[in-house]
Amino acid sequence: MYTKRLPRGNKYRRRTNKLGAVDYKHDGSVVDLSVAAECYNFDGSSGALRPGYGIEEDESLVPNYAVRYWIYNYFSEEENTYVKQRVYQIPSGQICYWSDARDRHVFISGKVYPPFDVINYKLDSKDVILLSCDGHRLFTWNGRNLVEHENSPMVSSMALHYERLFVTSRDEKFKVFFSKNLDPTNWDISADGGGFIELLDERGYCNKVVSFGSYLYVFRERGISRITAYGDQSEFAVVNLFVTAGRIFPSSIITCGNVIMFLASDGLYVFDGYDCRRVLENLKSLIVPNDDCACAYHDGRYFLACKMNFRDGKTVGCETAEYKVNGLISFDPNSGEYTICRGMDIRFMNSCSFNGRDYLMGSDVDRAGIMTECGARYGEPLPKHWKSPAFDFGTPDKQKRILGIMIKSDGQASVTVDGDGQKTTYAVDNGTDVIKLFVSCYRMTVAVDADAADCNVSPFTVTYSIF
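First things first, this report covers the structure right here in the doc. (Residues numbered from 1 in each chain as written. Predicted model: local features only at pLDDT ≥ 70, side-chain atom pairs only at ≥ 80, totals over all residues. Heavy atoms only, no water.)

Describing the pairing of strand β7 (residues 68-76)
What counts here: Whether two strands pair comes down to DSSP finding at least two bridges between them. Here a helix means four or more residues in a row that DSSP labels H or I, a strand means two or more in a row labelled E, and each is numbered from the N terminus.
Relative to strand β8 (residues 81-89), β7 runs antiparallel, the two being bridged by 9 bridges. By the bridge assignment, arginine 68 is partnered in β8 with glutamine 89. Hairpin remark: β7 followed by β8, antiparallel, with 4 residues in the connecting loop; positive phi at asparagine 80, about 55°.

Quick word on the pairing of strand β36 (residues 384-387)
Where strand β3 (residues 38-40) meets β36, 3 bridges bridge the pair, whose relative direction is antiparallel. Bridge assignment links glutamate 38 to a residue of β36, and that residue is lysine 387.

Remarks on unusual backbone geometry
Threshold: Burial classes follow relative accessibility: with a 1.4 Å probe on protein chains only, a residue under 20% of its type's maximum area counts as buried, one over 50% as exposed, and anything between as partly exposed.
Here glutamate 163, not a glycine, exhibits a phi torsion of approximately 65°, which is positive. With respect to the helices, strands and loops of the structure, glutamate 163 is situated in the loop between β15 (157-161) and β16 (164-168). Residue glutamate 163 is classed as partly exposed on the basis of its relative accessible area of 42%. The backbone of tyrosine 378 shows a phi angle near 50°, a positive value even though the residue is not glycine.

Side note on the pattern of salt bridges
Opposite charge on two side chains permits them to pair, given that their charged atoms come into close proximity. Applicable threshold: Salt bridges are identified by distance alone: a Lys or Arg side-chain nitrogen within 4 Å of an Asp or Glu carboxyl oxygen.
Applying the stated rule across the entire model yields 20 salt bridges. In this structure, the salt-bridge partner of aspartate 345 is arginine 347, at a minimum N-O distance of 2.8 Å. Exposure remark for aspartate 345: the relative accessible area of 0% places this residue in the buried category. In this structure, aspartate 364 and arginine 377 form a salt bridge, with 2.7 Å as the shortest nitrogen-oxygen distance. A residue pair is termed long-range when its members are at least 10 positions apart, and aspartate 364 in strand β32 (residues 357-364) and arginine 377 in strand β34 (residues 376-377) qualify at 13 residues. For aspartate 364, a relative accessible area of 4% translates into the label buried. Several salt bridges share partner residues, and in doing so they unite Asp201, Glu202, Arg203 and Arg220 into one network.

Observations concerning the packing of aromatic side chains
As a reminder of what qualifies: Working definition: a ring pair exists when centres of Phe, Tyr or Trp rings (six-membered ring for Trp) sit within 6.5 Å. Plane angles under 30 degrees give stacked, over 60 give edge-to-face, the rest tilted.
Taken as a whole and judged by the stated rule, the model has 30 aromatic pairs. Consider the rings of tyrosine 113 and phenylalanine 116, whose centres lie 5.2 Å apart with planes at 55°: the pair is tilted. Across the pair, phenylalanine 116 and tyrosine 113 agree in class, each one buried. The interplanar angle of 10° and the centroid separation of 5.2 Å between the aromatic rings of phenylalanine 262 and tyrosine 269 together place this pair among those described as stacked. Neither phenylalanine 262 nor tyrosine 269 differs from the other in exposure class; each is buried. Cluster of aromatic residues (ring-pair linked, three or more members): Phe212, Tyr215, Tyr217, Phe219, Phe242, Phe262, Tyr269 and Phe271.

Some points on the sheet that holds strand β22 (residues 237-243)
This is how the line gets drawn: Every axis in this analysis is a line fitted to C-alpha atoms, fitted for helices over the stretch in contact. Angles between the N-to-C directions lie between 0 and 180 degrees.
With antiparallel pairing, the 4 strands of this open sheet are ordered in space as β19-β20-β21-β22. What marks the edges here is a single partner per strand, and that holds for β19 (206-212) and β22. Strand-to-strand twist in this sheet, taken as the mean axis angle between neighbours without regard to direction, amounts to 25°.

Below is the structure:
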């Protein structure tokens, strides 16, 4: 952002360099004009305002009735090559796969189950998937038979690490169980078989296991423990790393390249295997921390769907009915760039590759699709909003006269100017508009709104005088 004094008297022109992301932490007199006081469903990472993430149907990739969805990779002896099969859970709780030969879904089991988690694995030289869900033991599916292994623990989370399967259990919450080496279906406790590690300290229950780098990390209620687990279980070792006064929410934990990200009751964290640091502290008052969230890592970004408190009295998208989630954060842990989307009740996400396409699958309540920068929710445009902080042009004690705003928009939008509480809204369309004003104020805000799915609004220039 820069200010230019015009040749005529005390007239000035201030141009924003970019229309950036929202900052709920800092006062408007401190932050740059290019930082938003309010922003959702716009992506300002390019400097201009473009459509943020939405969700759209694509049944060539995702059946629209899937609520959870994975890709099963297996070797087909008929085709003599590896193939990919879509496996998914439907709203009733039954689990299916899509049969191209029959051009319809086929039930893997007619039973109803809680939400599943899935891992691809090679068992006895055969490609299988490992499945777990609340209240059940470990399942395997080999493309034909779904088997529940009665000797396994009741699984709440699972991770493969050096050819063993490690799991947490809601029945025995202070323990991490591990299978026999090379056999995740064998849980018999012995010196060369399975076993468990008990973690009794102030960090609380063991809620999720994650294999990251050379170690297994146990995410607990209020901290993180690291397990060294190579080969022989007699050499397993535990180190406690991180403790927090807040609670860590398991549904938010995922590996993001060279870090792990998660949400706790005191904010969002990045964990590098040794240390944790808090990020996006300027969004702390926006996020309502709880375990009704979903996460994914896709295209170098951490996606977190969670409940947010926008505090503006408006209803957007899913907020017109009952919802668990109404916000989506897309965050690049390397650059720090982020966007906020509003109005989707995303309950599950998964980064997938199928038919030569990489995509982010999402489930909005009981309807599935792919998440793209389409700016809409299943064809219905999501309202887009950007609002600057109230700013005084560096002269808080002097009155200003706002003479005009020059703004360029590709697509229909509106600009609202608020000078000390006096609001006026102007429509802008394709091309560059010069909005002539005559507003006297000490502080002003500028808001940009768009109701269309597609739009592109460039940074604006304000012309004003001081008297």
